[in-house]
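# Geometric and topological summary
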Amino acid sequence: MIDYIVTRLVVGGLDTNCYILKHRQSRAAAVIDPGGDLLVIKNALFEQEASLRLILLTHGHIDHILALEDLRTPNTIVCIHKNDAHMLVERDLFTSMVPHDPRPMRPAEFLFERDGKYKVDPFEFYVIHTPGHTAGSVCYIFEDCLFTGDTLFRGSIGTTMFGGSDAEMHETLEALYRYPGDYGIYPGHGESTSLSDEKRDNPFFEPFRGV
């Protein structure tokens, strides 16, 4: 049995996918990318009788962190890659896109510095550093679910125009194309897909096919 119940919420002015992962054997919950609509997220947690334990950020753009500061509690661990950690405390060009930019926020409790397996009881997950959209973009693997943030979408990828790198995105896409196994893809915007479907159909994987 899969250990987590995954709920997708579409939040904020840019229709960001916020995910709640409720652990089946406890009340513990993790939230990935609380990008806005605080009450929507809180109501979903309440309806699931879930206790928020962990907030995971795929990257630091405002449309993925807008509700962070009001959602976190003294018992919540916030995690982000070290290369995007500054985005929680510094206003930037996105400030003008939202009615209220809550930054500076408090720093994250934990910064990812390496790929690999992490455990925050009762959650076990893998972190893959996937720079390109931002320098600190990451993907999270929970069992057969791959949460890709703004790195990989259904049929597309995230832009590198806002602090990203085309060269790093190319390397990231090649790594994802060659990543073993198949996973359900839960992106930062748009509909879910699968890694196998994207390897076959996504035009941005074309340079790696047959190589």
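Residues numbered from 1 in each chain as written. Predicted model: local features only at pLDDT ≥ 70, side-chain atom pairs only at ≥ 80, totals over all residues. Heavy atoms only, no water.

### Observations concerning the overall build of the protein chain
Helix and strand counts for the protein chain come out as 4 helices and 14 strands. Relative to the globule expectation of 17 Å for 211 residues, the C-alpha radius of gyration of the protein chain, 16 Å, shows essentially globular dimensions. When its C-alpha atoms are laid out on the principal axes, the protein chain stretches across 50 × 45 × 30 Å. Looking at the protein chain as a whole, 50% of its 211 residues qualify as buried. Within the protein chain, contacts between residues separated by at least 24 positions form 56% of all contacts whose residues are at least 6 apart in sequence. When the accessible area of the protein chain is evaluated, it comes to approximately 9800 Å², of which 53% is carbon and sulfur surface. (Helix = DSSP H or I, 4+ residues; strand = E, 2+ residues; numbered from the N terminus. Rg over C-alpha atoms; globule rule 2.2 N^0.38 Å. Buried < 20%, exposed > 50% of the residue type's maximum accessible area, 1.4 Å probe, protein only. Contact = heavy atoms within 4.5 Å. Areas by Shrake-Rupley, 256 points an atom, 1.4 Å probe, with all protein chains shown as cover.)

### Some remarks on the sheet that holds strand β9 (residues 138-142)
If you walk across this open sheet you meet the 6 strands as β7-β8-β9-β10-β13-β14, and the pairing is mixed. Each of the sheet's edge strands pairs with one partner strand only, and the pair in question is β7 (116-120) and β14 (193-194). Relative to strand β10 (residues 145-149), β9 runs antiparallel, the two sharing 3 bridges. Its bridge partner lying in β10, F142 is registered against C145. (Pairing = 2+ DSSP bridges.)

### Side note on the pairing of β10
Every regular strand shows the same layout, with side chains that alternate between the two sheet faces. Within β10, 5 of the 5 residues are buried, which leaves the element mostly enclosed by the surrounding structure. Going residue by residue along β10, you find C145, F147 and G149 tucked away on one face and L146 and T148 tucked away on the opposite face as well. Between β9 and β10, which follow one another and run antiparallel, lie 2 residues, and E143 among them has a positive phi close to 55°. With 4 bridges joining them, β10 and strand β13 (residues 184-187) adopt parallel strand pairing.

### So, a negative patch on the surface
Judged by side-chain charge, D3, E143, D144 and D182 come together as a negatively charged surface patch. Counting through the fold element by element, D144 comes out in the loop between β9 and β10. (Patch = residues over 30% accessible without salt bridge, like charges linked within 9 Å, V, L, I, M, F, W, Y side chains within 5 Å. Salt bridge = Lys/Arg side-chain N within 4 Å of Asp/Glu carboxyl O. Lys, Arg positive; Asp, Glu negative; His and termini not counted. Charge placed at Lys NZ, Arg CZ, Asp CG, Glu CD.)

### Considerations on the environment of V120
The residue V120 is located in strand β7 in this model. Note on V120: relative accessible area 14%, which makes it buried. Expressed as a C-alpha distance, the spacing of V120 and D144, which sit 24 residues apart in the sequence, is 18 Å. Setting aside its immediate chain neighbours within four residues, V120 contacts R53, L54, I77 and F125.

Everything listed here is a matter of coordinates, which is why it stays silent on function.
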